[in-house]
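Spelled out, the chains give:
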Amino acid sequence: MKKITLLGSTGSIGTQTLEVLDYLEDYEVLALAAGRNITLLSKQIEKYHPKRVSVQREEDVKFIKSKFPQIEVLCGIEGLMELCSDTQNDIILVATSGKIGLKPTLCAIENKINIALANKETLVMAGDIVMKKARENNVKILPVDSEHSAILQCLGDKNNQAYKLIITASGGPFLYKTREEMGHTNALEALKHPRWHMGRKITIDSATLMNKGLEVIEAHHLFNMDYSDIKVVIHPQSLVHSFVEFKDGSILAQVGFPSMHIPIQYALTYPTRQKGIKTDGFSLYGQQMSFEKPDFNKFPCLKMAYEAGKTGGSAPVVLNAANEVAVNNFLEGKISFLDIEKTVYKALCDHTPMSNPTLEEIFEIDIETRKKYGK
Ligand code: MN
């Protein structure tokens, strides 16, 4: 049996991971960590029988303990660190939202446990630190994001050196809208993503294309590629999840139904493939595919992400923090859709980038940026 710990079990990726596990044999859930959705966590405990769980709030510990006296209940960031120190784990899937996953991920790496990574902030904020530590400890960082999973699948053999990475983007709900129309949009419209069902923050990031920008930064770290060799292509049908171009001009694509189940499963079963939840789930008959160049003027968030990535150091930390508070402000109706990009632009202009920040400096800059640009 392969032992797995799932951080963020009640979120979108977390619940889909458990669905994937329902179809796989030889996997045992060692531990679950959740935020505040204690009702769902309780159901998950009943079904998957973890030995330990961790919750966000102290007051939820007692409730879980009284309901499930046989399991150990931990709490907060210490709880996540404790779960990530358990060397019985074969793999830890990190699907917590925000920066909370960063320290536990580093802890798991130090304990030489492989990581399936669904959390964007980890590499955007601290990609240099995380990847260096992973190399030193000979730990694999397996991407759960569909685009990075596609790249990993296309790369196949290590000798197959990538020449360029081509990341696909659906283009989001505003692909064919004008800037003026985008300016008048509200949260409800921006949350209507044409292809993917995801959390609220990432859906808004898909509408601004910031999500794709963050993915470019992640790809730079995961696959050790220069930003000039990472391209983005708009592909509204979301059937090709990304491409890798090789030196000889050959391009490989990974194709499939737009569903997170496949990339989740691949991260868990890597480097093998198994029959699973999406086996026989997709037919190419009748499918159309088109590809377009992204419009950097219409979607400046994508451009700013490239620039922040190239600057490196603390710049992506500021990009990420300013974007997150701006998206929250927009969702709460406090600013307009186009104010999101303005906030990020201002934050980047105001910031003097620091090269090679420590983890503590990264957290400081993150908090400062949120304070300054949040409302
Ligand atoms: Mn993605």
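Being a predicted model, the structure only gives us computed values, none of them experimental. (Residues numbered from 1 in each chain as written. Predicted model: local features only at pLDDT ≥ 70, side-chain atom pairs only at ≥ 80, totals over all residues. Heavy atoms only, no water.)

Digging into the sheet that holds strand β5 (residues 91-94)
Part 1 of the argument: Spatial strand order, β4-β3-β2-β1-β5-β6-β7: seven strands in an open sheet with parallel pairing. The sheet terminates laterally at β4 (72-75) and β7 (141-143), the two strands that pair on one side only. When the angles between neighbouring strand axes are averaged without regard to direction, this sheet yields 25°.
Part 2 of the argument: Here three bridges tie strand β2 (residues 27-33) to strand β3 (residues 52-55), and the two strands are oriented parallel to one another. Along β3, the bridge assignment pairs A31 with R52.
Part 3 of the argument: Across the sheet, helix α12 (residues 261-269) lies against β1 (2-7), β2, β5, β6 (114-117) and β7, angled at about 155° from β5, the strand it touches most. (Pairing = 2+ DSSP bridges. Helix = DSSP H or I, 4+ residues; strand = E, 2+ residues; numbered from the N terminus. Axes fitted to C-alpha atoms, helices over the stretch in contact; angles between N-to-C directions. Contact = heavy atoms within 4.5 Å.)

Focus on the pattern of salt bridges
Part 1 of the argument: Taken as a whole and assessed by the stated rule, the structure comprises 21 salt bridges.
Part 2 of the argument: K99 is paired through a salt bridge with D366; the nearest N and O atoms lie 2.6 Å apart. Of this pair, K99 sits in the loop between β5 and α5 (102-110) while D366 is found in helix α16 (residues 359-373), placing the two residues 267 residues apart along the sequence.
Part 3 of the argument: We classify K99 as partly exposed; its relative accessible area is 26%.
Part 4 of the argument: What makes D366 buried here is its relative accessible area of 0%.
Part 5 of the argument: The closest approach of N and O atoms between E332 and K334, which form a salt bridge, is 2.8 Å. (Salt bridge = Lys/Arg side-chain N within 4 Å of Asp/Glu carboxyl O. Buried < 20%, exposed > 50% of the residue type's maximum accessible area, 1.4 Å probe, protein only.)

Side note on the coordination of the manganese ion
Six octahedral donors around a metal ideally sit at 90 or 180 degrees from one another, while four tetrahedral donors ideally sit at 109.5 degrees.
Part 1 of the argument: Around the manganese ion, the donor atoms from the protein are D145 (OD), E147 (OE) and E215 (OE), and they sit 2.1 to 2.3 Å away.
Part 2 of the argument: The motif formed by the donor residues of the manganese ion, counted along the single chain, is D-x1-E-x67-E. On the criterion of sequence distance, the pair formed by E147 in helix α7 (residues 146-155) and E215 in helix α11 (residues 210-223) is long-range, its members being 68 residues apart.
Part 3 of the argument: Since its relative accessible area comes to 7%, E147 is described here as buried. (Donors = N, O, S within 2.8 Å, 3.2 Å for Na, K, Ca; no water.)

With respect to the domain arrangement of the chain
Part 1 of the argument: Along its sequence, the chain is organised into domain 1 (2-143), domain 2 (148-257 + 284-300) and domain 3 (312-375).
Part 2 of the argument: A separation of 27 Å is found between the C-alpha centroids of domain 1 and domain 2.
Part 3 of the argument: The contact between domain 1 and domain 2 buries some 1000 Å² in all, and 70% of this surface belongs to carbon and sulfur atoms.
Part 4 of the argument: At the boundary of domain 1 with domain 2, the tally comes to one salt bridge.
Part 5 of the argument: Here K120 and E215 are joined by a salt bridge, their closest N and O atoms 3.3 Å apart.
Part 6 of the argument: The interface formed by domain 1 and domain 2 holds two residue pairs in polar contact (both at pLDDT 80 or more) in total.
Part 7 of the argument: The set of elements that each furnish at least two residues to the side of domain 1 that touches domain 2 consists of α6 (120-136) and β7.
Part 8 of the argument: Ranked by residue count, the leading element in the side of domain 1 that touches domain 2 is α6, at six residues. (Domains from an automatic or database assignment. Buried area = accessible area lost by both parts, 1.4 Å probe. Polar contact = N/O pair within 3.5 Å; in protein donor to acceptor, adjacent residues only side chain to side chain.)

Some remarks on the packing of aromatic side chains
Part 1 of the argument: For the structure shown, the criterion picks out five aromatic pairs.
Part 2 of the argument: Seen in terms of ring centroids, Y266 and Y270 are 5.7 Å apart; in terms of plane orientation they differ by 85°. Their pairing is edge-to-face.
Part 3 of the argument: Overall, the relative accessible area of 24% leaves Y270 in the partly exposed class.
Part 4 of the argument: Judged by centre distance (5.5 Å) and plane angle (70°), the ring pair of F330 and F337 falls under edge-to-face.
Part 5 of the argument: Put simply, the rings of F174, F330 and F337 pair up and form one aromatic cluster. (Phe/Tyr/Trp six-rings, centres within 6.5 Å; stacked < 30°, edge-to-face > 60°.)

A few points about the nonpolar core
Part 1 of the argument: One finds I64, L93, I141 and F337 to be the most contacted residues of the largest nonpolar core, which totals 119 residues.
Part 2 of the argument: Looking at which element gives the most residues to this core, the answer is helix α14 (residues 315-331), with 10 residues.
Part 3 of the argument: With residues up to four places along the chain from it excluded, the contact list for F337 reads F174, M182, T185, A190, I204, A207, T208 and F330. (Core = buried A, V, L, I, M, F, W, Y, C linked by side-chain atoms within 4.5 Å.)

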